[in-house]
Amino acid sequence: MVGDMPRNILLLPLLMSLNAGFVDTAGFLALQGLFTAHVTGNFVTFGAAMVLGTSGGLAKLLALPVFCFVVVVSRILSFYLPAMGLPIFRSMLAIKTILLAAGGACAVYFGPFVQGDSWQAICTGMILVAAMAIQNAAHRIHMGTEPPSTLMTGTTTQIMIDVADVLRGAPASVLTVARPRLGKMTASVAAFALGCAAGACLYAKFGTWCFVLPPLIAVPAVFLATAEPK
């Protein structure tokens with residue numbers, strides 16, 4: 001089971017959160033407001049694009065179906081990987097790393113993107129969306145007890161609930177669960193926020209060349225994913 005995963009890979013969810021924050025922020029800045037990790041946020045930015053007449057509406061509209069399609073394919077593929085002698089979790093993260101590298105190469109080669117609906121911007125954006133879809137699927141399937149690496153609203157809500165329970169002196173049975181969860185979730189949000197800050201700063205400094213970093217962050221995560229849930 002997921003809970004059987006050794007504690008020596010506690011760094012893995014933090015690396016994934018860091019990368020998600022970086023890719024989402026850099027992607028938003030480079031691709032005319034496209035969310036690559038938090039894809040449901042594109043509903044808001046799509047509406048804004050329609051009202052304000054800004055570019056990138058088509059890419060925002062495509063992001064969710066592409067995300068959903070990749071999650072479905074990832075789930076189906078995971079049942080065939082063992083027959084090929086490949087570890088499921090590590091293989092999924094390796095494919096994500098390859099997609100991040102491909103998306104980064106496209107961003108460097110085609111960017112900067114003046115029009116969010118150009119085929120170059122859409123191609124780059126959908127590759128990055130696919131990478132984050134695989135990360136979300138792998139996290140949900142293989143690390144279900146760990147805090148989400150991309151969606152921080154629910155995590156922040158749970159952190160505040162746990163803080164309130166600690167402050168009110170909740171029963172020991174509640175605090176036994178709340179305190180460890182509070183630490184893990186706070187670390188996850190901090191890693192995501194650090195990724196967002198790094199994505200913004202490096203994009204401001206280096207433009208689309210900043211997309212060279214996400215696959216480099218993803219490589220050690222592949223090697224940390226040594227445990228296969230049963």
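Coordinates for the structure precede this section.
A short tour of the structure in this document, coming up. None of the values given here were measured: they were computed from a predicted structure.

Rules used throughout
- Residues numbered from 1 in each chain as written.
- Predicted model: local features only at pLDDT ≥ 70, side-chain atom pairs only at ≥ 80, totals over all residues.
- Heavy atoms only, no water.
- Helix = DSSP H or I, 4+ residues; strand = E, 2+ residues; numbered from the N terminus.
- Rg over C-alpha atoms; globule rule 2.2 N^0.38 Å.
- Buried < 20%, exposed > 50% of the residue type's maximum accessible area, 1.4 Å probe, protein only.
- Contact = heavy atoms within 4.5 Å.
- Areas by Shrake-Rupley, 256 points an atom, 1.4 Å probe, with all protein chains shown as cover.
- Salt bridge = Lys/Arg side-chain N within 4 Å of Asp/Glu carboxyl O.
- Polar contact = N/O pair within 3.5 Å; in protein donor to acceptor, adjacent residues only side chain to side chain.
- 1 Å grid on protein atoms, 1.4 Å probe; cavity = no way out; pocket = protein on both sides within 12 Å on 5 of 7 lines; lining within 4 Å.
- Points joined across faces, edges and corners; volume = space filled by probe spheres on them.
- Nonpolar A, V, L, I, M, F, W, Y, C, P; charged D, E, K, R; others polar.
- Patch = residues over 30% accessible without salt bridge, like charges linked within 9 Å, V, L, I, M, F, W, Y side chains within 5 Å.
- Core = buried A, V, L, I, M, F, W, Y, C linked by side-chain atoms within 4.5 Å.
- Axes fitted to C-alpha atoms, helices over the stretch in contact; angles between N-to-C directions.
- Parallel < 35°, antiparallel > 145°, perpendicular 65-115°, else oblique.
- Left-handed = near helix turned anticlockwise from the far one by under 90°.

A look at the overall build of the protein chain
Piece 1. Across its full length, the protein chain carries eight helices and zero strands.
Piece 2. Traced from its N-terminal end to its C-terminal end, the protein chain shows the element sequence α-α-α-α-α-α-α-α.
Piece 3. The globule rule puts the C-alpha radius of gyration for 230 residues at 17 Å, and the 18 Å found for the protein chain is close to it.
Piece 4. Taken along its principal axes, the extent of the C-alpha atoms in the protein chain is 55 × 45 × 30 Å.
Piece 5. Across the 230 residues that make up the protein chain, the buried fraction comes to 45%.
Piece 6. Look at the contacts in the protein chain between residues 6 or more apart in sequence, and 75% of them connect residues 24 or more apart.
Piece 7. Put simply, the protein chain shows about 11000 Å² of open surface, and 75% of that area lies on carbon and sulfur atoms.

Some words on the pattern of salt bridges
Piece 1. According to the stated counting rule, one finds three salt bridges in the structure shown.
Piece 2. Between Glu146 and Lys184 there is a salt bridge; the shortest N-O distance is 3.8 Å. In this pair, Glu146 sits in the loop between helix H5 (119-142) and helix H6 (153-168) while Lys184 sits in helix H7 (residues 172-206), placing the two residues 38 residues apart along the sequence.
Piece 3. In this structure, the salt-bridge partner of Arg181 is Asp162, at a minimum N-O distance of 2.8 Å. Pair noted here: Arg181 is in helix H7 and Asp162 is in helix H6, with a separation of 19 residues, a long-range link.
Piece 4. What makes Arg181 partly exposed here is its relative accessible area of 27%.
Piece 5. Judged by its relative accessible area of 0%, Asp162 falls in the buried class.

Digging into the environment of Ser118
Piece 1. In this fold, Ser118 is placed in the loop between helix H4 (88-110) and H5.
Piece 2. The spacing of Ser118 and Leu81 is 37 residues in sequence and 35 Å in space, taken between C-alpha atoms.
Piece 3. In this structure the side chain of Ser118 is engaged in a polar contact, spanning 3.1 Å, whose partner is the backbone oxygen of Gln115.

Brief notes about the layout of surface pockets
Remark: the empty space left among the atoms is shown by a probe the size of a water molecule rolled over them.
Piece 1. In this structure, the largest pocket occupies an estimated 430 Å³ of space.
Piece 2. As for the largest pocket, its lining consists of 17 residues, and the residues nearest its centre are Asn136, Arg140, Pro148, Thr150 and Leu151.
Piece 3. Broken down by secondary-structure element, the contributors of at least two residues to the lining of the largest pocket are helix H3 (57-78) and H5.
Piece 4. Sort the elements by how many residues they give to the lining of the largest pocket and H5 lands first, with four residues.
Piece 5. For the lining of the largest pocket, the per-class residue count stands at eight nonpolar, seven polar and two charged.

Focus on a nonpolar patch on the surface
Piece 1. On the surface, Val72, Ile76, Leu77, Phe79, Tyr80, Met84, Leu86 and Ile95 cluster together into a nonpolar patch covering about 770 Å² of accessible area.
Piece 2. The dominant element in the nonpolar patch, judged by the number of residues it contributes, is H3, at three residues.
Piece 3. Looking at Leu77, the relative accessible area reads 32%, which means it is partly exposed.

Description of the nonpolar core
Piece 1. Counting 46 residues, the largest nonpolar core has Leu12, Leu31, Phe89, Leu93, Leu100, Met126 and Phe211 as the members making the most contacts within it.
Piece 2. Looking at this core, the elements that each hand over two or more residues are helix H1 (11-30), H3, H4, H5 and helix H8 (213-224).
Piece 3. Ranked by the residues each element gives to this core, the list is headed by H5, at 12 residues.
Piece 4. When neighbours within four sequence positions are excluded, Leu100 is seen to be in contact with Asn19, Val23, Leu128, Ala131, Met132, Pro214, Pro215 and Ala218.

Considerations on the side chain of Ser74
Piece 1. With respect to the secondary-structure elements, Ser74 resides in helix H3.
Piece 2. Among the polar contacts made by the side chain of Ser74, one reaches the main-chain carbonyl oxygen of Val70 at a distance of 2.7 Å.
Piece 3. The contact partners of Ser74, leaving out residues within four places of it in the chain, are Met92, Ile134 and Ala137.

As for the packing of H6 against H7
Piece 1. Packing of H6 against H7 brings their axes to within 9 Å, and their N-to-C directions diverge by 140°. It follows from the interaxial angle that H6 and H7 lie oblique. Classified by chirality, the crossing of H7 by H6 is left-handed. Together, Thr155, Thr156, Gln158, Ile159, Asp162, Val163, Asp165 and Val166 of H6 and Val174, Leu175, Ala178, Arg179, Arg181, Leu182, Met185, Thr186 and Val189 of H7 make up the contact between the two elements.

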